[in-house]
Amino acid sequence: MSSIRKRVLVTGGAGFLGSHLGERLLSEGADVLCVDNYFTGRKDNVAHLLANPRFEAMRHDVCFPLYVEVDEIYNLACPASPIHYQFDPVQTTKTSVSGAINMLGLAKRLRAKIFQASTSEVYGDPSVHPQREEYRGNVNAIGPRACYDEGKRCAETLFFDYHRQHRLRIRVARIFNTYGPRMHPNDGRVVSNFIVQALKGEPITLYGDGTQTRAFCYVDDLIDGFVRLMAAPDEVTGPINLGNPVETTVAELAAKIIALTGSRSPIVRRPLPVDDPVQRCPDIDRAKTLLAWQPKIPLDQGLAKTIAYFDKLLTEQRQEPPATVKQLA
Ligand code: NAD
Ligand code: UDP
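Fair warning: this is a prediction, and the values are worked out from it, not measured in the lab.

## Things to note about the sheet that holds strand E5 (residues 113-119)
Consider a sheet: its strands pair through backbone hydrogen bonds, and that pairing is either parallel or antiparallel.
Phase 1: Within the open sheet, the seven strands sit side by side as E3-E2-E1-E4-E5-E6-E11. Their pairing is parallel. Both edges of this open sheet fall to strand E3 (55-59) and strand E11 (240-242), since each of them pairs with a single strand only. Across the sheet, the axes of successive neighbouring strands diverge by a mean angle of 20°, strand direction being ignored.
Phase 2: Pairing analysis gives four bridges linking strand E4 (residues 72-75) to E5, with the strands arranged parallel. The residue of E5 that forms the bridge with Ile 73 is Ile 114.
Phase 3: Where helix H1 (residues 16-27) meets the sheet, its contacts fall on strand E1 (7-11), strand E2 (31-36), E3, E4 and strand E6 (170-175), and the angle it forms with E1 comes to roughly 170°.
Phase 4: Where helix H3 (residues 89-110) meets the sheet, its contacts fall on E1, E4 and E5, and the angle it forms with E4 comes to roughly 170°.

Here it is as structure tokens:
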């Protein structure tokens, strides 16, 4: 017998975005099944949801088939930060490609709607600016970012082939840089790195000359975009850009974080990573028109919330007794 409540599977549900999505779906009355292999996600991210009888966490690697009964699937499982996805690049491609095949197979059996967390990285180091969905990208197929970029591009291909071949109801979002509470403090992404460095009084590591740009979206805005896309009519398959179209240089971001934290950290230069995109900013006309969506939270406000989160986290970590004392206690 089918339940009245919507049952939603979130793969990568214990990660940064997945944990916020789970919270949002629960608040809307859905049953949430969080599936994660905890590669970059943490149980702490969902600890506050475990007491909720409508939330269930399951350890599982999406590279293997999954047999569950749900109405909707959000496929977020994949390491997202360059240092994490380059740590085991073969596994990153497997997660994107085999993970997509397994989740699409599940959606096909269940006739469930399925959402793919794709990325602005499908545009590579873009030669068109800002990036519109029609732009086909400039990706280096053999570089160190390719495991992620090509994995996500292949996942998009699979989504559209399942849509055409099996009439699957798909939603593909191309997510641009997103930040907020529950980012992993050591994941190497620019917002978490700069905030943690500023709060600890350590040097702020600026890669290259800092003139490269990104556009930073606060997590609550992004999750609102996810939910709107999933709820949109079935002809709205995407791909659809979701991001905050306010372009900022990385050097400006460093200055902002230093000012907001009141930090005395110096800025140190480090080499620009290979294939690091020079310019990135979404054109979100499609999301505005089709989803009536656009970000509301300005960068300063989002950064203030994120700084408060990391400040609390670092204070708690400082107060934790050393492991040996903990074992004796
Ligand atoms: P994250 O690393 O915090 O979350 C990814 C989650 O997937 C983690 O919980 C991780 O343990 C899990 N995971 C990884 N491999 C898995 C596997 N084989 N099986 C099951 N679980 C697995 O990263 P995030 O920022 O929350 O990103 C979520 C999704 O959004 C990713 O697919 C990412 O590519 C996409 N995305 C994020 C951003 C961003 O700025 N945050 C931008 C573009 C795209
Ligand atoms: N970056 C930096 N210092 C850091 C981490 C990142 O200057 O400590 C730069 C990085 O070179 C890139 C930008 O910030 O130009 C965004 O990097 P991130 O890893 O957050 O995301 P992505 O490159 O995937 O957009």
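After that view, the rundown keeps rolling.
## Some points on helix H4 (residues 146-166)
Phase 1: Between its first and last C-alpha, H4 extends 28 Å over 21 residues, near the 30 Å set by a 1.5 Å rise per residue.
Phase 2: Three or more residues of H4 are buried, namely Ala 146, Cys 147, Tyr 148, Asp 149, Gly 151, Lys 152, Ala 155, Glu 156, Leu 158, Phe 159, Phe 160 and Tyr 162.
Phase 3: Against the buried residues of H4 lie helix H2 (82-85), H3, E5 and E6.
Phase 4: Where H4 ends, the next residue or the one after it, Arg 167, has phi of about 55°, a positive value.

Rules behind the numbers
Residues numbered from 1 in each chain as written. Chains lettered and ligands numbered in written order. Predicted model: local features only at pLDDT ≥ 70, side-chain atom pairs only at ≥ 80, totals over all residues. Heavy atoms only, no water. Pairing = 2+ DSSP bridges. Helix = DSSP H or I, 4+ residues; strand = E, 2+ residues; numbered from the N terminus. Axes fitted to C-alpha atoms, helices over the stretch in contact; angles between N-to-C directions. Contact = heavy atoms within 4.5 Å. Expected span 1.5 Å × (residues − 1). Buried < 20%, exposed > 50% of the residue type's maximum accessible area, 1.4 Å probe, protein only.

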